[in-house]
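Tertiary structure, described
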Amino acid sequence: VNVDKVKQILRPDRSVITEPHHVWPTLTDEQWIKVEVALKDLILADYGKKNNVNVSSLTQSEIRDIILGMEIAPPSVQRQQVAEIEAQPGDQYRR
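This section reports on the structure supplied with the text. Since the structure is predicted, the reported quantities are computational estimates derived from the model, not experimental observations.

What to know about the overall build of the chain
In terms of regular secondary structure, the chain is built from four helices and zero strands. Buried positions account for 20% of the 95 residues belonging to the chain. Within the chain, contacts between residues at least 6 apart in sequence are counted, and of these 31% link residues at least 24 apart. Only carbon and sulfur atoms are counted for the fraction: they give 54% of the accessible area of the chain, which is about 7900 Å².

Okay, here's the thing in structure tokens:
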């Protein structure tokens, strides 16, 4: 994720300040909601670009995992892995 874009989201203008003993800027609840949505969109756009994935095709579970930083395979890789498993001869679960 582009650090400069994150800084721009957290501090959209000079009126947003961070108290000396705080890590995060001082924002209202409404501002935090906007920041949260913007950061989520930025993270998902970055993931979609890096993995050539349409973000709108992701499930809520995949979005949560991406936002929380878990390494997940793009859906195309997941489908390929499932196809490889299904194609294995003598699968003990097939009947």
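And the narrative resumes.
Comments concerning the pattern of salt bridges
Across all of its chains, the model carries two salt bridges by this definition. Between Asp-46 and Lys-50 there is a salt bridge, and its shortest N-O distance comes to 3.3 Å. Here Asp-46 pairs with Lys-50, and both are found in helix H2 (residues 29-51), just four residues apart, close to one helical turn. Judged by relative accessible area, Lys-50 falls into the exposed class, the value being 61%.

Details of the packing of aromatic side chains
Across all of its chains, the model carries one aromatic pair by this definition. Measuring from ring centre to ring centre gives 6.5 Å for Trp-24 and Trp-32, while their planes differ by 80 degrees; the resulting arrangement is edge-to-face. Residue classification places Trp-32 among the partly exposed residues on the basis of a relative accessible area of 29%.

Notes on the nonpolar core
Grouped together as the largest cluster of nonpolar side chains are seven residues: Leu-44, Tyr-47, Val-53, Leu-58, Ile-63, Ile-66 and Ile-72. Counting residues per element, the ones that place at least two in this core are H2 and helix H3 (60-67). Core analysis: the next-biggest nonpolar cluster, separate from the first, contains six residues, Ile-9, Leu-10, Val-35 and Leu-42 among them.

A few points about unusual backbone geometry
Phi angles above zero are rare outside glycine, and Asn-52 is one such case at about 55 degrees. Mapped onto the elements of the fold, Asn-52 is located in the loop between H2 and H3. The exposure class assigned to Asn-52 is exposed, which follows from its relative accessible area of 73%.

Things to note about H3
What H3 keeps buried is the set Glu-62, Ile-63, Asp-65 and Ile-66. Here the buried residues of H3 occupy an arc of 165 degrees about the axis, which is enough to place them on one side. Just downstream of H3, Gly-69 is the residue with a positive phi angle, here 90 degrees.

Points about the packing of H2 against H3
For any two helices packed against each other, one specifies the inter-axial angle together with the distance between the axes. Viewed as axis vectors pointing N to C, H2 and H3 meet at an angle of 100 degrees, and their least axial separation amounts to 10 Å. In terms of orientation, H2 lies roughly perpendicular with respect to H3. Within the contact between the two elements, H2 uses Lys-40, Ile-43, Leu-44 and Tyr-47 and H3 uses Ile-63, Ile-66 and Ile-67. Here the residues of the contact of H2 with H3 are counted per class, giving six nonpolar, no polar and one charged.

So, how was this worked out
- Residues numbered from 1 in each chain as written.
- Predicted model: local features only at pLDDT ≥ 70, side-chain atom pairs only at ≥ 80, totals over all residues.
- Heavy atoms only, no water.
- Helix = DSSP H or I, 4+ residues; strand = E, 2+ residues; numbered from the N terminus.
- Buried < 20%, exposed > 50% of the residue type's maximum accessible area, 1.4 Å probe, protein only.
- Contact = heavy atoms within 4.5 Å.
- Areas by Shrake-Rupley, 256 points an atom, 1.4 Å probe, with all protein chains shown as cover.
- Salt bridge = Lys/Arg side-chain N within 4 Å of Asp/Glu carboxyl O.
- Phe/Tyr/Trp six-rings, centres within 6.5 Å; stacked < 30°, edge-to-face > 60°.
- Core = buried A, V, L, I, M, F, W, Y, C linked by side-chain atoms within 4.5 Å.
- Arc of directions from axis to C-beta.
- Axes fitted to C-alpha atoms, helices over the stretch in contact; angles between N-to-C directions.
- Parallel < 35°, antiparallel > 145°, perpendicular 65-115°, else oblique.
- Nonpolar A, V, L, I, M, F, W, Y, C, P; charged D, E, K, R; others polar.

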